[in-house]
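Results of the structural survey
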Amino acid sequence: MGELPFFCAENAVDPDRLWIWEKAVYVDENRRTWLPIIIKTENNFQVLMRQEDVTLGEALSPTQLMPCPLPLMWQLYPGRRYRGSDSSIWRVVYHIELRGMEDMLLEQLPPLE
């Protein structure tokens, strides 16, 4: 019987910053593009960021963008947490690379009181 290939996911390096470039496209400090997939459940709000190469058009200003529940920018903080431009805090649930594709799952944390 033939053997099936075995793939091993590796932990990837988290981007320092993610900026919105155009509708549903974020760019990191290395000009790599990330596409968000929003996941809402009763108890939490998550976003799967998938690193995919897409052709970038002109950058849009915040006033040109449609309203979106995601921050316009995320900045990496210690402890694998991102702070959004709207002051929201997101933890990195996982960030893996498999066969050249990266997926990073972010989960929004409740606001501090």
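Summarised in this report is the structure supplied together with it. (Residues numbered from 1 in each chain as written. Predicted model: local features only at pLDDT ≥ 70, side-chain atom pairs only at ≥ 80, totals over all residues. Heavy atoms only, no water.)

So, the side chain of glutamine 46
Here glutamine 46 lies in strand β5 (residues 45-51). With relative accessibility at 15%, the residue glutamine 46 sits in the buried group. At a separation of 3.3 Å, a polar atom in the side chain of glutamine 46 contacts the side chain of glutamate 107. Ignoring any residue separated from it by four or fewer positions in sequence, one finds glutamine 46 in contact with Ile37, Ile38, Ile39, Trp90, Val93, Leu105, Leu106 and Glu107. (Helix = DSSP H or I, 4+ residues; strand = E, 2+ residues; numbered from the N terminus. Buried < 20%, exposed > 50% of the residue type's maximum accessible area, 1.4 Å probe, protein only. Polar contact = N/O pair within 3.5 Å; in protein donor to acceptor, adjacent residues only side chain to side chain. Contact = heavy atoms within 4.5 Å.)

Things to note about unusual backbone geometry
Leaving glycine out, the prevailing phi sign among residues is negative, and the prevailing peptide bond configuration is trans. Backbone geometry at alanine 24 places phi at a positive 65°, although glycine is not the residue there. On the basis of relative accessibility, which here comes to 41%, the residue alanine 24 falls in the partly exposed class. Although it is not a glycine, arginine 31 sits at a positive phi angle of roughly 60°. Looking at the element boundaries, arginine 31 is found in the loop between β3 (25-28) and β4 (33-40). Look at arginine 31 and you get exposed, because its relative accessible area is 54%.

Considering the nonpolar core
One finds Tyr26, Met49, Trp74, Trp90, Met104 and Leu106 to be the most contacted residues of the largest nonpolar core, which totals 15 residues. Counting residues per element, the ones that place at least two in this core are β2 (17-22), β5, β8 (89-98) and β9 (101-108). Ignoring sequence-local partners within four residues, the contact set of tryptophan 74 consists of Asp16, Arg17, Leu18, Tyr26, Val47, Met49, Tyr82, Arg83, Gly84, Trp90 and Leu106. (Core = buried A, V, L, I, M, F, W, Y, C linked by side-chain atoms within 4.5 Å.)

A few points about the side chain of threonine 33
Turning to its location among the elements, threonine 33 is positioned in strand β4. A distance of 2.3 Å separates the side chain of threonine 33 from the backbone oxygen of glutamate 52, its partner in a polar contact. The residues touching threonine 33, leaving out its near neighbours within four places in the chain, are Val25, Tyr26, Val27, Arg50, Gln51, Glu52, Asp53, Val54 and Leu56.

Observations concerning the pairing of β3
What you see with β3 is no split at all: Val25 and Val27 on one side and Tyr26 and Asp28 on the other are buried throughout. Alignment of β2 against β3, held across 4 bridges, turns out to be antiparallel. Bridging from a neighbouring strand, glutamate 22 pairs with valine 25 of β3. Here β2 hands over to β3 after 2 residues, with alanine 24 in that stretch at a positive phi of 65°. Across 2 bridges, the pairing between β3 and β4 is antiparallel. For valine 27, the partnering residue across the bridge sits in β4 and is threonine 33. Hairpin geometry of β3 and β4 is characterised by an intervening segment of 4 residues between the two adjacent antiparallel strands and by a positive phi of about 60° at arginine 31. (Pairing = 2+ DSSP bridges.)

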